[in-house]
Structure formats: structure tokens, C-alpha cells
Amino acid sequence: MGVVSIILGVLIVIAGFLCLFTPILTFMSIGYFIIILFFVYGVWTIINSIVTKRFGISLVFGILSLIAGIVGLVYPSDMTLSTDMFLIFLAGAWFVIQGIFSIILAFQQKKLVGSFGWFGFILGILSIFVGGYSFFHPMFMALTMGILISIYFIEAGINLIALGTMHNSLEK
């Protein structure tokens, strides 16, 4: 099992570096994967909110993510905007909404814990900036998403290689 994990990890790292050199092409070919992530994240957040009986901002964001995923999956490709451009603007809107919720949660943290959530507040502002910037420079968002996907592949491959080597050393 460890050898298979190592081989798969190496292949994923290679794919990550190939994607890193072509971030726009990576984004264009993986656009539906991002929409599926919106869908899955929305479903997971809604289920988590129901199970934990927390019906606040995370539930609202889960519903919005689920709606974004559904709209992205059924968005007709013969419209004026291509699916990829739709994904870029959808991702930009998602960043803005996520940033707003992060800022709100930073203020709620002060009420609950007594200390202000500076980290969430700063990330919220950066998220709003990235989302807003992507509306005016959509190629920036496509490039960024392609690079982030590449980094994720490289990281996932390295994790598989590490797991495979740990598994091999445990077998001995």
C-alpha cells in the first residue's frame, strides 16, 4: 500500500508542477471542480449547522455556497458569458461575501470570548479586496486560482509520499 501511495504522490506532484506552469489553462480545465467544491461545501456547512444547532452566519454562507454550486452546475454555456468567466465572477463574489462574514465573526468573537478576532478581521478585509479586485481584473482571479490549485496538487502529492514512506517504515 505504501508503494502505491508514493507512486500516486509523485504523479500528483508532477501534475501540480505542470499546472503551475500553465495556471490559466489549469483554471479553465478545472472550473467545474470549483463549482462542485462550492456545492459540497454548501451541503457540508448546512448539515454541520443543523447537527450542531448553530443557525447563524455559517448556515447562511452554506446556503449561499450551495446556491452558487447549483447555479454553476446548471448555468447554460451558450449564454454571453462563458462558464469560466461566470466562475471567475462567482468566485469573486464568494470572496467578498466570505470576507464580510469573517469581519462579522471577528466582532462576534469579541462578544463571546472577550478578545477581538484580529486575524479573522484582517483576512476578511483581504478577502474583500481580492474579490473586488477580481471583478475589475478577472484574469487575476483565473491566474490566482490556477496557481492555488497547482499548490494544492503539490501539497497533496507530498502528503501522499510522506504517508507512503511512513507506511513502509511501519511495515518493517
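Quantities reported herein were computed from a predicted structural model and do not represent experimental measurements.

This part takes up the overall build of the protein. In terms of helices and strands, the protein carries 7 helices and 0 strands. Listing each helix as α and each strand as β along the protein from the N terminus yields α-α-α-α-α-α-α. The buried share of the protein, reckoned over its 172 residues, is 34%. Sequence-distant contacts, at least 24 apart, represent 75% of the contacts inside the protein between residues at least 6 apart. For the protein, the accessible area works out to roughly 10,600 Å², and carbon and sulfur atoms hold 80% of it.

All right, on to the environment of Gly-99 then. Among the structural elements, Gly-99 can be located in helix α5 (residues 83-113). Judged by its relative accessible area of 0%, Gly-99 is buried. With 22 residues separating them in the primary sequence, Gly-99 and Phe-121 have C-alpha atoms 8.2 Å apart. Residues contacting Gly-99, with those up to four places away along its chain left out, are Gly-124, Ser-127 and Ile-128.

Here we take up helix α6 (residues 118-136). Because an α-helix packs 3.6 residues into every turn, residues spaced three or four apart end up facing the same way. Here α6 contains 19 residues, and its C-alpha end-to-end distance of 28 Å stays within 8% of the 27 Å for a straight helix at 1.5 Å per residue. Every buried residue of α6 is listed here: Phe-121, Gly-124, Ser-127, Gly-131 and Ser-134. All buried residues of α6 project into a common sector of 155 degrees when viewed along the axis, lining one side. Of the exposed residues in α6, those oriented more than 90 degrees away from the buried face are Trp-118, Phe-119, Phe-129 and Phe-136.

Okay, the packing of aromatic side chains next. Enumeration according to the criterion identifies 9 aromatic pairs in this entry. With a centroid separation of 5.5 Å and an interplanar angle of 40 degrees, the aromatic rings of Phe-61 and Trp-94 are classed as tilted. Of this pair, Phe-61 sits in helix α4 (residues 57-74) while Trp-94 sits in helix α5; the two residues are 33 residues apart in sequence, bridging distant segments of the chain. Each residue in the set Tyr-41, Phe-61, Trp-94, Phe-95 and Phe-101 is aromatic and connected to the rest through ring pairs, giving one cluster.

What follows covers the side chain of Ser-5. Its place among the elements puts Ser-5 in helix α1 (residues 2-21). Those residues within four positions of Ser-5 in sequence are excluded, and the remaining contacts are Leu-160, Ile-161, Leu-163 and Gly-164.

Checked against the element boundaries, Ser-150 lands in helix α7 (residues 138-171). Here the side chain of Ser-150 touches Leu-20 through a polar contact of 3.0 Å, landing on its backbone nitrogen. Excluding residues within four positions of it along the chain, Ser-150 makes contact with Gly-16, Cys-19 and Leu-20.

About the cut-offs
Residues numbered from 1 in each chain as written. Predicted model: local features only at pLDDT ≥ 70, side-chain atom pairs only at ≥ 80, totals over all residues. Heavy atoms only, no water. Helix = DSSP H or I, 4+ residues; strand = E, 2+ residues; numbered from the N terminus. Buried < 20%, exposed > 50% of the residue type's maximum accessible area, 1.4 Å probe, protein only. Contact = heavy atoms within 4.5 Å. Areas by Shrake-Rupley, 256 points an atom, 1.4 Å probe, with all protein chains shown as cover. Expected span 1.5 Å × (residues − 1). Arc of directions from axis to C-beta. Phe/Tyr/Trp six-rings, centres within 6.5 Å; stacked < 30°, edge-to-face > 60°. Polar contact = N/O pair within 3.5 Å; in protein donor to acceptor, adjacent residues only side chain to side chain.

Interpretation in functional terms is not warranted from these geometric data alone.
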